[in-house]
Amino acid sequence: MIAYWVVPYLVVAAPPAIVLITILIGGCAMTRTAGDPPEPARFYSDPNSRAAAELTNELDRRAARAELRRIIDEARR
């Protein structure tokens, strides 16, 4: 059974709810570039790029972590 007595309340509550949801979604989707512009894309071929060094550091860190995990696993046996 449809509750007809709820319809007036929904008509009153729907517009503010739609506006609130729109503001929340819009606020979450906006980029924040007021005082700090976004970083430009970094490429490995750029002469002053740190991307290659960061990648090398990350790969070294992962390799060291895998080696440490292997040593721990061997010690547990």
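Residues numbered from 1 in each chain as written. Predicted model: local features only at pLDDT ≥ 70, side-chain atom pairs only at ≥ 80, totals over all residues. Heavy atoms only, no water.

## Let's talk about the overall build of the chain
This is how the line gets drawn: Numbered from the N terminus, helices here are DSSP runs of H or I no shorter than four residues, and strands are runs of E no shorter than two. The buried label applies to any residue whose accessible area, calculated with a 1.4 Å probe on protein chains only, is under 20% of its type's maximum; exposed applies above 50%, and partly exposed to all values in between. Using a 1.4 Å probe, accessible areas were evaluated by the Shrake-Rupley method; residue-level cover was limited to the displayed protein chains.
Of the regular secondary structure elements, the chain holds 2 helices and 0 strands. With 77 residues in all, the chain has 3% of them scored as buried. By element, 66% of the accessible surface of the chain is carried by carbon and sulfur atoms, the whole surface being about 7500 Å².

## Description of the pattern of salt bridges
We apply this condition: Within this document, salt bridges are pairs made up of a side-chain nitrogen of Lys or Arg and a carboxyl oxygen of Asp or Glu, the two lying within 4 Å of each other.
As enumerated under the stated definition, the model contains 4 salt bridges in all. Between Glu58 and Arg61 there is a salt bridge, and its shortest N-O distance comes to 2.7 Å. Here Glu58 and its partner Arg61 are both found in helix α2 (residues 51-76), 3 residues apart, which amounts to about one turn of the helix. Of the residues examined, Glu58 reaches a relative accessible area of 25% and is grouped as partly exposed. Two residues, Arg70 and Glu67, come together in a salt bridge whose shortest N-O distance is 2.4 Å. Of this pair, Arg70 and Glu67 both sit in helix α2, separated by 3 residues, roughly a single helical turn. The class for Glu67 is partly exposed, based on a relative accessible area of 38%. A network of salt bridges, in which partner residues are shared, links Glu58, Arg61 and Arg62.

## Topic: helix α1 (residues 7-29)
Our working rule: Here a helix's expected span is defined as the number of its residues, less one, multiplied by 1.5 Å. Working definition for bend: take the seven residues up to and ending at a residue and the seven starting at it, fit an axis to each, and measure the angle between the axes.
Compared with the 33 Å implied by 1.5 Å per residue over 23 residues, the 32 Å span of α1 between its first and last C-alpha is a close match. The largest bend along α1 measures about 35° and falls at Ala13, with the proline Pro15 one to four residues further on. Of all 23 residues in α1, 0 are buried, a share of ten percent or less.

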